[in-house]
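This is what each chain is made of:
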Amino acid sequence: MKQPKIIVTGLPENVDYEDVEMFFENRRRFGDTKPLDIEFNEGDHSAILTYDTESSALFVANRSPMKFHGSELLLRKLPIDEIMGSDEIIADNGIDKAQTQLLVEDIPEDVDKEILEMFFESRRFKSCEVIDVDFDEEDRNALVRFAKPE
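Residues numbered from 1 in each chain as written. Predicted model: local features only at pLDDT ≥ 70, side-chain atom pairs only at ≥ 80, totals over all residues. Heavy atoms only, no water.

Undergrad: Any chance you could break down helix H3 (residues 54-61) for me, citing the residues and the numbers?
TA: Within H3, burial applies to Ser56, Ala57, Val60 and Ala61. The buried side chains of H3 occupy one side of the element, clustering within an arc of 130° when seen end-on. Next to the buried residues of H3 lie strand E1 (5-9), helix H1 (17-24), helix H2 (27-30) and strand E5 (71-78). (Buried < 20%, exposed > 50% of the residue type's maximum accessible area, 1.4 Å probe, protein only. Helix = DSSP H or I, 4+ residues; strand = E, 2+ residues; numbered from the N terminus. Arc of directions from axis to C-beta. Contact = heavy atoms within 4.5 Å.)

See below:
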């Protein structure tokens, strides 16, 4: 059975897994709705929450945006890739699946071209091979070109 997932972005830099767990298991905020699993990514200040039912995931996702230690969290329910026959997650953002470029905006000041390359070539994205990163330090955005559309 495929389980619904939510991506949480905008987590403050000073939080850890336990902080995220306590926040999303708070009865006053979410009642009896608790995540089955939390994948915390300290590097990009995000987390993926897995829920037992679609209605639980929607209940939590619909509470976005919300504040956590002064930062605004954005929660978005992620569809499950039915084609792969697994729990692989794909973002439902209308991107043409044949494109080999990705525009990354609002890049934090402490991130540079090299860090972007390492991020997209990390094991998290499996087979991503970055060809080039056109980094605009003034506007804090980058155009990342990949070898394959996947």
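Undergrad: Lay out the sheet that holds strand E6 (residues 101-104) with the relevant residues and their values.
TA: The strand order across the open sheet formed by three strands is E6-E8-E7, and the pairing between neighbours is antiparallel. Both outer strands of the open sheet, E6 and strand E7 (130-136), are each paired with one neighbouring strand and no more. Sheet twist, expressed as the mean angle between neighbouring strand axes with direction ignored, is 15°. Looking at chain direction, E7 and strand E8 (residues 141-146) are connected through six bridges and run antiparallel. Within the sheet, the bridge partner assigned to valine 133 lies in E8 and is valine 144. (Pairing = 2+ DSSP bridges. Axes fitted to C-alpha atoms, helices over the stretch in contact; angles between N-to-C directions.)

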